[in-house]
Amino acid sequence: PLRDGSALLRALNPEQLAAVTLPDESALILAGAGSGKTRVLTTRIAWLLAQGRVSPAGVMAVTFTNKAAKEMMTRLGAMLPLNVRSMWIGTFHGLCHRFLRMHWKAAGLPAAFQIMDSGDTQSAVKRVIKSLGLDEERFPARQQSWFIAHCKEDGQRPGDVEVRDAHAQTQVRIYQAYEEQCEREGVVDFAELLLRTYELLARDEALREHYRNRFRHILVDEFQDTNRLQYLWLKMLTGPRTAVLAVGDDDQSIYAFRGARVDNMQDFLHEFQVRHQIKLERNYRSSGHILDAANHLISHNTQRLGKELRTDAGAGEPVRVRECPGDQDEARWIVEELQQLHRAGTPRHETAILYRSNAQSRVIESALFNVGMPYRVHGGLRFFERAEIKHALAYLRLLENAEDDTSYLRVVNFPTRGIGARTVEQLQDVARQSGRSLWQSVGAVVGRGAAPLQAFHRLLDELRRDTRNLCLSDIVRLVLERSGLQDHYRSERDGADRVENLEELINAAEAFVTQEGFGRDAVALPVDELAPDGETGEIVSPLAAFLTHASLEAGEHQAQAGQDAVQLMTVHAAKGLEFDAVFLTGLEEGLFPHESAQSDPKALEEERRLMYVAITRARQRLYLSFSQTRLLHGQTRYNMASRFIEELPPESLKWLATRPAVAHWSVPPVAAPRSFTRHAGRATASGGAEPVAAASAGGWRVGQGVFHNKFGEGVVLTLEGRGNDARIQVRFGRHGVKWLALGVAKLTPLP
Ligand code: ATP
Ligand code: MG
């Protein structure tokens, strides 16, 4: 049935069908949320392949997130018997990275170049500012790294930046020095991935022609959020025989702060000679009330291209709105609702909690944690960004590339090995003067610091030697041991969590290697991808691929792999995704819309588009909440409800009564968790026990306050087992989470 692709088309409506079967020319699909844009894009690829109009190597598809790319590959794989892994499907960054791995030499990069995440980038900029002897107050690293990223996104190298005053001149000087430092250390930041690729294509005609001939179809999802450089990059890859399908929704443009240009859509129409523009007006995702809410809200914006969106799905559930006395109460309420949804059969991964800014997640995380509900945070404070993990990754990076000064500085004296700040400064001076990396400059260091420094180098040399024939997870294990990291955190008073995180890194390495498809892109390059100059790119080691994965895909491992978990993310990160039930939290003036947008009409419209994105993620149920008080960034804020709630159609809303404040303490008796997310360590509940029955065992219940002679006051998290086996898990204020045998532990209930 798949031979000619006709079976793929059966489920489509006429407009979608027209889009999927367009001739091989450039086209634009402009349509609202949930109208099937992404589905059309995926189906078109499958159809083109099934029809034999293009080979898998002739297709490039650009998605907005790695998650979306994976999903697209899964769907394609299900539609066609294909090795989708070898196809060029990914984010702009991911595709450029792949490109640079193949053409590193031509791009002027070392074979083992490493990617810096935004944290690394900022600390690299900081070092530059220091080394130039500049005032860090006047030139904060954060701002300067933004400046550099903006320049790059506009395609500007230091020499291209227009300098108007002395301040700008210094900024450019920083940019210049930063580039030299990156060059020396063999590292690239995110924006560099794109700019490098673009420049290489621009100057290397043979290479450019090769790819222009190769890619017959380029398909771009979420086109409204492309920036200038991404647009130019696309143009660079488009030859006379390339058909570009751009798919987007101007109402979902939410990345202006990163340089996204909605105008790219208009430019695209002209510059790519687009003759086919398709609208999709039926929404297949959300039920009636939810869609009404979205339509009503976005109609308050003035800057729109104008689109309709309707559904045949019926009114469905009203949108539930709740005013909460405080943020803790809000979080607990969400958890209660989630428990109900889950009991009623909604899988956890079909439920999402969205917030405007990352800092809001902590309170929600702790409420989820308290009842042991597995969850996963996308973006934000993520596993790979935790200090202990970054330390471990730094050692691993140094194995790959000893010249990586950022990693070098991170761990040269961590765990402490008697290398003082003075010595490090001396080393940096020598390196700066000779234009070499820190690694290469060690010989010139004299005095008391020299010996421990040499010991550090010996350690790395030995590690490099001893890990040569090990599998990835054993490499990680050995590095954790020999570097002293593991012991360091073991001996720390509150280091238990960190030790567990380190152990989780071994698991992550193992999963990376075994899990089908993880990082394969970077590991093996198919033979058909020989470039015209015969350059094949280095075959990258699993370790290098893993490190890339760590920087590109941070935060994918919070709940254990395969565990059904509630999804937490910012609204920005939720773009393109959908869930049965969505909780949209913190709908307060100053938070959402963000305070920076309060007096700027343009910014306010962007906030409203963000709200539109949030609402349209929900299929069946949408919950909105706001809180009278909120503790954020260390201070209590008293907030008014967001104006966006006022902008929703009242007939689609159902207001929920606020419960009196006294009721908030008691967490309802719930099923004791079978397993915990990483935060609580490894899965703790034994499968055979009946945790549900034990939720109130022996007069104890979850949520109850208790006192322990040694550990002080705490709150019961979990009860498990019966009789002599009964165990209780308590979170103590000063001593953290402990498991205690109920028969032995002397606990007193607190009123
Ligand atoms: P967004 O703007 O949020 O990215 P979208 O326009 O890309 O949304 P999709 O994610 O492609 O929309 O589709 C939304 C949902 O509707 C998906 O679950 C998809 O499978 C479903 N859908 C799309 N078209 C059809 C159809 N013709 N019949 C049934 N379901 C459909
Ligand atoms: Mg989509």
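Residues numbered from 1 in each chain as written. Chains lettered and ligands numbered in written order. Predicted model: local features only at pLDDT ≥ 70, side-chain atom pairs only at ≥ 80, totals over all residues.

(A) Inspection of the overall build of the protein chain at higher detail. Within the protein chain, the secondary structure is distributed over 28 helices and 21 strands. Within the protein chain, residue pairs in contact and separated by at least 24 positions form 75% of the contacts whose partners lie at least 6 positions apart. (Helix = DSSP H or I, 4+ residues; strand = E, 2+ residues; numbered from the N terminus. Contact = placed C-beta atoms within 7 Å.)

(B) Structural view of the environment of Leu49. Residue position: Leu49 is located in helix 3 (residues 37–50). Overall, Leu49 belongs to the buried group, with 23 C-beta atoms counted inside 10 Å. Between the C-alpha atom of Leu49 and that of Leu82, which follows or precedes it by 33 residues, the distance is 9.6 Å. Setting aside anything within four residues of it in sequence, one finds Leu49 in contact with Val54, Pro56, Leu80 and Leu82. (Buried ≥ 20, exposed ≤ 12 C-beta atoms within 10 Å, placed from the backbone.)

(C) Broad picture of the site of ligand 1. Surveying the vicinity of ligand 1 reveals 19 residues, the closest of which are Gly36, Lys37, Thr38, Arg39 and Tyr284. Counting residues per element, the shell around ligand 1 draws most heavily on helix 3, which supplies three residues. (Near = placed C-beta within 6 Å.)

(D) Fine view of the packing of helix 13 (residues 288–298) against helix 26 (residues 601–615). Packing of helix 13 against helix 26 leaves a shortest axis separation of 9 Å and a crossing angle of 170 degrees. Between helix 13 and helix 26, the angle is such that the two are roughly antiparallel. Contacts between helix 13 and helix 26 involve Ile290, Ala293, Ala294, Leu297 and Ile298 from the former and Arg608, Met611, Tyr612 and Ile615 from the latter. The residue makeup of the contact of helix 13 with helix 26, split by class, is eight nonpolar, no polar and one charged. (Axes fitted to C-alpha atoms, helices over the stretch in contact; angles between N-to-C directions. Parallel < 35°, antiparallel > 145°, perpendicular 65-115°, else oblique. Nonpolar A, V, L, I, M, F, W, Y, C, P; charged D, E, K, R; others polar.)

(E) Highlighting the pairing of strand 10 (residues 351–355). Among the five residues of strand 10, five are classified as buried, and the element is accordingly described as predominantly covered. Here strand 10 shows two buried faces, one formed by Thr351, Ile353 and Tyr355 and the other by Ala352 and Leu354. In this structure, strand 10 lies alongside strand 12 (residues 566–570), joined through four bridges in parallel fashion. Pairing of Ile353 across the sheet is with Leu568, part of strand 12. (Pairing = 2+ DSSP bridges.)

(F) Spatial organisation of the UniProt feature "binding site: ATP" (unreviewed entry) in the protein chain. Sites flagged by UniProt as "binding site: ATP" (unreviewed entry) map to Ala31, Gly32, Ala33, Gly34, Ser35, Gly36, Lys37 and Thr38. Tracing the sequence through the fold places Ser35 in the loop between strand 1 (27–31) and helix 3. With near-sequence residues (within four places) excluded, Ser35 lies in contact with Leu280, Glu281, Arg282, Asn283 and Leu309. Residues within four places of Gly36 in sequence aside, it is in contact with Gln16, Leu280 and Tyr284. (UniProt positions renumbered as here; feature names shortened; annotations may be inferred.)

(G) Structural context of unusual backbone geometry. At the junction of Phe414 and Pro415, the peptide bond is cis and its omega measures out at -5 degrees in the coordinates. Note on placement: Pro415 falls in the loop between helix 17 (405–411) and helix 18 (421–434). Here the bond from Phe592 into Pro593 is cis, since omega is 10 degrees, no more than 30 degrees from zero. Among the structural elements, Pro593 can be located in the loop between strand 13 (579–584) and helix 26. Even without glycine at this site, Gln273 takes up a positive phi of about 45 degrees. Among the secondary structure elements, Gln273 is positioned in the loop between helix 12 (263–271) and strand 8 (276–280). Gln273 sits in the exposed class, given 9 other C-beta atoms within 10 Å.

(H) Highlighting the packing of helix 16 (residues 387–400) against helix 21 (residues 472–482). Closest axis-to-axis distance for the helix 16/helix 21 pair is 10 Å, and the angle between their directions is 110 degrees. In terms of orientation, helix 16 and helix 21 fall into the roughly perpendicular class. Residue-level inspection shows Ala392, Tyr395 and Leu396 of helix 16 in contact with helix 21, the latter providing Val476, Val479 and Leu480. Residues that form the contact of helix 16 with helix 21 fall into these classes: six nonpolar, no polar and no charged.

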